[in-house]
Amino acid sequence: GAFALWVAGWTAVVFVGFLINTALAIVVVAATPFVVLAAADGAANPIASNFKAIANVPIRYAISILLSLALLAAIYLVFAITGLFVLGGAASFLTMIVGGLVLAWLAIVWALLYRDTSVGHSEPDPATSR
């Protein structure tokens, strides 16, 4: 239940951001990539866990954000160009398959990055648990 509420709330905030300004929504998504993952992990405060995870891996986070934005911009451009040459149901099918694969891959990349942080690491560190 709590996970569903966090997902719905985060999605609503991003949606409102897109209604106001695309750049605002991109900033919100870029600032909170781990909120849903932290909620799925059972964190008491997913927003605080999000920022702790970002602080754990700031360089990898910045590189991942830049690469994700570049990939999504390239995919958007490819879909726009494809829409000129492929029409109807075939265009929708192609967009859904390719877009779904890219988004699934990005979800895995971000989940693995979250798991590499101390916040998302489920097993205690043997070096510190004596």
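Above: the structure in question.
Residues numbered from 1 in each chain as written. Predicted model: local features only at pLDDT ≥ 70, side-chain atom pairs only at ≥ 80, totals over all residues. Heavy atoms only, no water.

> Please give an account of the overall build of the protein chain that cites residues and values.
Counting its secondary structure elements, the protein chain contains six helices and zero strands. When the helices and strands of the protein chain are placed in sequence order, the string is α-α-α-α-α-α. Expressed along its principal axes, the backbone C-alpha trace of the protein chain runs to roughly 65 × 30 × 25 Å. Taking the intrachain contacts of the protein chain between residues at least 6 apart in sequence as the baseline, contacts between residues at least 24 apart amount to 61%. (Helix = DSSP H or I, 4+ residues; strand = E, 2+ residues; numbered from the N terminus. Contact = heavy atoms within 4.5 Å.)

> For the packing of aromatic side chains, give the residues involved together with the corresponding values.
Tallying each qualifying case throughout the model produces three aromatic pairs. On the basis of an interplanar angle of 65 degrees and a centroid distance of 5.6 Å, the ring pair of Phe34 and Trp110 is categorised as edge-to-face. Taken as a pair, Phe34 in the loop between α2 (22–31) and α3 (35–40) and Trp110 in helix α6 (residues 88–115) lie far apart in primary sequence, 76 residues in all. Pairing Tyr61 with Trp110 gives two aromatic rings, centres 6.2 Å apart and planes at 70 degrees, and the pair type is edge-to-face. Residue Tyr61 is found in helix α5 (residues 58–85), and its partner Trp110 is found in helix α6; the two are separated by 49 residues along the sequence. The burial state of Tyr61 is the same as that of Trp110; both residues are buried. Grouped by ring-pair contacts, the aromatic residues Phe34, Tyr61, Trp110 and Tyr114 constitute a single cluster. (Phe/Tyr/Trp six-rings, centres within 6.5 Å; stacked < 30°, edge-to-face > 60°. Buried < 20%, exposed > 50% of the residue type's maximum accessible area, 1.4 Å probe, protein only.)

Purely geometric stuff here, so don't read any function into it on its own.
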